[in-house]
Amino acid sequence: MEDQVEVLREVFGESSSDSEDLDPQLNSKQIADPIPSWEEIKKINGLWLCRNFLSPQHQSSLVSSVLKEGWFNEDSHNQAMRFGDLPAWAIELSSSIREAILVGDHVSESIDLVTSNGGTEPCLLPSNLLWREPLFDQLIVNVYHPGEGICAHVDLMRFEDGIAIVSLESSCVMHFTRVEEGGSDINKHGEKHPIPVLLTPGSLVLMSGEARYQWKHEINRKPGFQIWEAQELVQERRISITLRKLCQVD
Ligand SMILES: O=C(O)CCC(=O)C(=O)O
Ligand SMILES: [Fe+2]
């Protein structure tokens, strides 16, 4: 493991734990993020979570960049969308996402190339999506105040496969439910549903394939739904940044 960390350090630079004396004047590009550790969400093919995607310093600088845009100066505004040319901080965020995927694939390849059933370890994002240019050209920033969430949905088909969601400020539980399922407690795949995923500040969710097309995602912040390990989460403001790529129309 030390060897792998050493290789990653050489390729991608220092991890934040090695650079604790960060200069507050550093710009966001210089704010070192930890070496990403990825978690595959069991039962949902194509759903990956990187809980330590952004260092605390990078999270605060990102929140400042978002708020500086002035999109949320009025309380009634809680969503902003951008298409095509994205702000510099979003382009930088896209590069960090690609880098985190590359590092993650590198680590899982060298640790465990072959799964217990003999197949190869699934990749974080298929390479045709990872290497498309640009990786993302559409941005949504959502600001949620306590009690506010988003209804169960599959993202519109006008967006390509391969969607990233970055969470900032306050944790929440996102629930995933299979598209075809009705109200029964156990679905035909033997899953109890919905499947909860805890999104902590600084985390990154990647959805592709089944996770993007066959599962709905939702955030229900009404009392009784934001529960993790038997504790109701304390809700504060949450900001999310969703990055997607528009489908080409010929
Ligand atoms: O806020 C989030 O984490 C999810 C946002 C979302 O699903 C969307 O905008 O489509
Ligand atoms: Fe969505």
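Everything here concerns the structure above.
Each value, and the rule that gives it
- Residues numbered from 1 in each chain as written.
- Chains lettered and ligands numbered in written order.
- Predicted model: local features only at pLDDT ≥ 70, side-chain atom pairs only at ≥ 80, totals over all residues.
- Heavy atoms only, no water.
- Donors = N, O, S within 2.8 Å, 3.2 Å for Na, K, Ca; no water.
- Helix = DSSP H or I, 4+ residues; strand = E, 2+ residues; numbered from the N terminus.
- Buried < 20%, exposed > 50% of the residue type's maximum accessible area, 1.4 Å probe, protein only.
- Near = heavy atom within 4 Å.
- Polar contact = N/O pair within 3.5 Å; in protein donor to acceptor, adjacent residues only side chain to side chain.
- Areas by Shrake-Rupley, 256 points an atom, 1.4 Å probe, with all protein chains shown as cover.
- Nonpolar A, V, L, I, M, F, W, Y, C, P; charged D, E, K, R; others polar.

Would you take a moment to explain the coordination of the iron ion (ligand 2) for this structure?
Ideal coordination angles are 109.5 degrees for a metal with four donors arranged tetrahedrally and 90 or 180 degrees for a metal with six donors arranged octahedrally. Around the iron ion (ligand 2), the donor atoms from the protein are His-153 (NE2), Asp-155 (OD) and His-217 (NE2), and they sit 2.1 to 2.2 Å away. Going along the chain, you hit the donors of the iron ion (ligand 2) in the pattern H-x1-D-x61-H. Of the two residues, His-153 is situated in strand S5 (residues 150–153) and His-217 in strand S10 (residues 215–219); the sequence distance between them amounts to 64 residues. Take His-153: its relative accessible area is 22%, and that puts it in the partly exposed class.

Explain the site of ligand 1 here, please?
In the neighbourhood of ligand 1, 13 residues make up the surrounding shell, with Tyr-144, His-153, His-217, Arg-238 and Ser-240 lying closest. Residue His-153 places a side-chain N or O atom 3.1 Å away from an oxygen atom belonging to ligand 1. Note that an oxygen atom of ligand 1 is positioned 3.0 Å from one of the side-chain N or O atoms of His-217. Protein coverage of the free-state accessible area of ligand 1, which is 290 Å², stands at 97%. Counting residues per element, the ones that place at least two in the shell around ligand 1 are strand S4 (138–144), S5, S10 and strand S13 (238–244). Of the residues forming the shell around ligand 1, the biggest block, four residues, is contributed by S13. Taken together, the residues that form the shell around ligand 1 break down as five nonpolar, five polar and three charged.

Function-wise, these values are silent; they only describe arrangement.
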